[in-house]
Amino acid sequence: MVAVPVTREREQQVLTTVPRGLLIGGAWRESSGGRTFTVEDPATGAVLGEVADASREDAVAALDAAAAAQGSWMRTAPRRRAEILRRAFEIVTERAEDFALVITLEMGKPLAEARGEVVYGAEFLRWFAEEAVRDYGRYGPSPEGTSRLLVQRRPVGPCLLITPWNFPLAMATRKIAPALAAGCTMVVKPAKLTPLTTLLFAQVLIEAGVPAGVVNVLPSGSAAAISGALLPDPRLRKLSFTGSTPVGRRLLIDAAQNVLRTSMELGGNAPFLVFDDADIPAAVAGAMAAKMRNMGEACTAANRFLVHRPVAEEFAAGLSAAMGALRTGRGTLPETQVGPLIDAGARDDVDALVAKAVDAGAVVSTGGRAVDGGGYFYEPTVLTDVPHDAEILKEEIFGPVAPMTTFDTEEEAIRLANDTEYGLASYLFTRDYARMMRVTEQIEYGMVGFNAGVISNAAAPFGGVKQSGLGREGGAEGLAEYTATQYVGIADPFAMPGGPGRLG
Ligand code: NAD
């Protein structure tokens, strides 16, 4: 099949299918104040459309609906909840092209990557459809033999789910699917920059049979108004947030007032370690995937390339050649491999980090500049000889820039890898399995890619340690985040009236 550019007519046709209101209690409505905000195409700066701007009052109405629906949804048979999730998986898969185009239009990533996000995002619906009927508890005797212990998991209750702009479908399904599977109702607040994908997905949930009030969606230009209204409300039982560490820290403080259950998927500063025994072409391919997925705008993005000195030159040459060959452009064009950054601020932040690194002695091997013209493009960039204390090695870059530095020993590599407040993803390239185990056991990261540049998977427990967050999404762990353990102590059935009395 020959890839053809997407026409403006096709863009408009898809955009007209996206709801623009607030979803509250199963109905689409305007915001209470009638306000809207605009959504932009980051490749051109053009306005894609207007979306209802939820207020504090709308947030309370959404929680009213979620709280009212909680009882019947948690009593809905797990099999039925599973079937609804499975149907949602099928509808998203059938409409994969529409979802991919909306993601590309509002977020900027190339269509091929947006298609990849649709597959990944839909996979959470399928995975949690399968997990919904496997939420097992346990039963057994107490060690003394005098009672029985019954342990079951119950839905935690109405949740507030806050998502970022970088994976507008997958970050939503990674929360909504396990919450639905567990029997929780919810209020979802998508990122202001990319609400369209979530609104389109909300429509799919209605079609798939999610009852009114179970999923409520509030696009809003004032995120703090929504969280400010809901976090202190005693009917809310959980906050699941994906976003930056500073905002996560703020929300944790607010959530503490109500002692809310929290799942926090925050920022990262992933080290990418290349040892001298690694397969260097494979490491370069892994580096391209770990760095360039989503133009580097991923919490899992390789942020620091730590390379064993004997192979540093070979690795830098391979990475620079691969990065320099990438084609930058609007994501709807078939030849595009690198899209724009999300907004002007994001591009300027990347540019400033590169400039400071160069001032500190880093050498630009390829790229190094913002691209002139419309949109927020930045050249794929490789920096070598980056000093260990450079700011670019400490901050989340969130752009297509690969800073490289060298190490001489395994101990030094581990020390450098751990020299950050973050602990989300890490990558390790070596052919030596004993070294892989040694390093893995000493680095403080929630996730390790071993000779692999892409680690995200719906079946895997995704999450971090240190200031990268709390809790896990995906896997069996992802369902547990939406349940509360309930223990029932049962008297010894033999000692009950009418029983034979305790034996032994
Ligand atoms: P962000 O923290 O600015 O915003 C995330 C979400 O929080 C958005 O919906 C935003 O509207 C909302 N928000 C912002 N301020 C708020 C407030 N005061 N109260 C309530 N909500 C508020 O992050 P972003 O720029 O959208 O996303 C990029 C960040 O997300 C990066 O740091 C990245 O590492 C992180 N991220 C982490 C993961 C993960 O799984 N750990 C995944 C994707 C992105």
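These figures come from a predicted structure and were not determined experimentally. (Residues numbered from 1 in each chain as written. Predicted model: local features only at pLDDT ≥ 70, side-chain atom pairs only at ≥ 80, totals over all residues. Heavy atoms only, no water.)

**Describing the site of the ligand**
Part 1: Close to the ligand lie 27 residues; T163, R174, S244, L266 and E396 are nearest.
Part 2: Contacts to the ligand include T163, whose backbone N or O atom sits 2.6 Å from an oxygen atom.
Part 3: Contact distances for the ligand include 3.1 Å between a nitrogen atom and a side-chain N or O atom of S227.
Part 4: Contact with the protein chains covers 85% of the free accessible surface of the ligand, which is 840 Å².
Part 5: Elements with a minimum of two residues in the shell around the ligand: α6 (170-182), α8 (223-230), β10 (238-242) and α9 (245-256).
Part 6: At three residues, the largest contribution of residues to the shell around the ligand is made by α8.
Part 7: Along the lines of polarity and charge, the residues of the shell around the ligand split into 16 nonpolar, seven polar and four charged.
Part 8: Here the shell around the ligand gathers at least three residues from each of two domains, domain 1 (22-267 + 463-487) and domain 2 (270-419 + 425-450). (Near = heavy atom within 4 Å. Polar contact = N/O pair within 3.5 Å; in protein donor to acceptor, adjacent residues only side chain to side chain. Areas by Shrake-Rupley, 256 points an atom, 1.4 Å probe, with all protein chains shown as cover. Helix = DSSP H or I, 4+ residues; strand = E, 2+ residues; numbered from the N terminus. Nonpolar A, V, L, I, M, F, W, Y, C, P; charged D, E, K, R; others polar. Domains from an automatic or database assignment.)

**Some words on the layout of surface pockets**
Part 1: Within this model, the largest pocket holds a volume of roughly 890 Å³.
Part 2: Contributing to the lining of the largest pocket are 37 residues, with P164, W165, G243, S244 and V247 lying nearest its centre.
Part 3: At the level of secondary structure, the elements contributing two or more residues to the lining of the largest pocket comprise α8, β10, α9 and α12 (344-359).
Part 4: Across the lining of the largest pocket, the residue classes tally to 19 nonpolar, eight polar and 10 charged.
Part 5: Residue contributions to the lining of the largest pocket reach at least three from each of two domains, namely domain 1 (22-267 + 463-487) and domain 2 (270-419 + 425-450). (1 Å grid on protein atoms, 1.4 Å probe; cavity = no way out; pocket = protein on both sides within 12 Å on 5 of 7 lines; lining within 4 Å. Points joined across faces, edges and corners; volume = space filled by probe spheres on them.)

**Description of the sheet that holds strand β6 (residues 147-155)**
Pairing between sheet strands relies on hydrogen bonds along the backbone, with the strands arranged either parallel or antiparallel.
Part 1: The antiparallel open sheet is built from three strands, whose spatial order is β5-β6-β20. Looking along the sheet, the strands with just one partner apiece sit at the ends: β5 (138-141) and β20 (483-491). If you compare each strand with its neighbour and ignore which way they point, the axes differ by 20° on average.
Part 2: Bridge analysis of β5 against β6 gives four bridges, and the strand direction is antiparallel. When the sheet's bridge partners are listed, P141 is paired in β6 with R148. (Pairing = 2+ DSSP bridges. Axes fitted to C-alpha atoms, helices over the stretch in contact; angles between N-to-C directions.)

**Section: the sheet that holds strand β14 (residues 363-366)**
Part 1: With respect to topology, seven strands assemble into an open sheet ordered β14-β15-β16-β13-β12-β17-β18, the strand pairing being mixed. Sheet topology places β14 and β18 (447-450) at the edges, where each strand pairs with a single neighbour. If you compare each strand with its neighbour and ignore which way they point, the axes differ by 25° on average.
Part 2: Both strand β17 (residues 425-429) and β18 contribute to a ladder of four bridges, which runs parallel. Paired with A425 across the strands is M447, a residue of β18.
Part 3: Packing of helix α10 (residues 280-292) onto the sheet brings it into contact with β12 (270-274), β13 (302-308), β16 (401-407) and β17, and relative to β12 it is tilted by some 170°.
Part 4: Along the sheet, helix α11 (residues 309-324) makes contact with β12, β13, β14, β15 (381-384) and β16, crossing β13 at roughly 140°. (Contact = heavy atoms within 4.5 Å.)

**Describing the packing of aromatic side chains**
Part 1: Counting across every chain of the model gives nine aromatic pairs.
Part 2: Aromatic pair Y120 and F124: ring centres 5.0 Å apart, planes at 65°, arrangement edge-to-face. Taken together, the positions of Y120 and F124, both in helix α5 (residues 111-131) and four residues apart, correspond to about one turn of that helix.
Part 3: Overall, the relative accessible area of 10% leaves Y120 in the buried class.
Part 4: Of the residues examined, F124 reaches a relative accessible area of 1% and is grouped as buried.
Part 5: Ring pairs connect the aromatic residues F272, F305, F315, Y427 and F429, which therefore count as one cluster.
Part 6: Lying over the aromatic face of F462, R174 brings its terminal NZ or CZ to 4.1 Å of the ring centre.
Part 7: Sitting above the plane of the Y482 ring, K238 keeps its charged end 5.0 Å from the centroid. (Phe/Tyr/Trp six-rings, centres within 6.5 Å; stacked < 30°, edge-to-face > 60°. Buried < 20%, exposed > 50% of the residue type's maximum accessible area, 1.4 Å probe, protein only. Lys NZ or Arg CZ within 6 Å of the ring centre and 35° of its normal.)

**Quick word on the domain arrangement of the protein chain**
Part 1: The assigned domain composition of the protein chain is domain 1 (22-267 + 463-487) and domain 2 (270-419 + 425-450).
Part 2: On the side of domain 2, 29 residues touch domain 1, which itself brings 29 residues to the contact.
Part 3: Summing both partners gives a buried area of about 2100 Å² for domain 1 against domain 2, and 59% of it is carried by carbon and sulfur.
Part 4: For domain 1, the biggest contributors to the area lost against domain 2 are P42, A43 and W165; these three give 22% of the whole.
Part 5: Applying the counting criterion to the domain 1 and domain 2 interface returns two salt bridges.
Part 6: One salt bridge connects R330 with D41, and the closest N-O pair in it is separated by 2.8 Å.
Part 7: Here domain 1 and domain 2 share 10 residue pairs in polar contact (both at pLDDT 80 or more) between them.
Part 8: Mapped by element, the contributors of at least two residues to the side of domain 1 that touches domain 2 are α4 (96-107) and α5.
Part 9: Here the side of domain 1 that touches domain 2 gets five residues from one element, more than from any other, and that element is α4. (Buried area = accessible area lost by both parts, 1.4 Å probe. Salt bridge = Lys/Arg side-chain N within 4 Å of Asp/Glu carboxyl O.)

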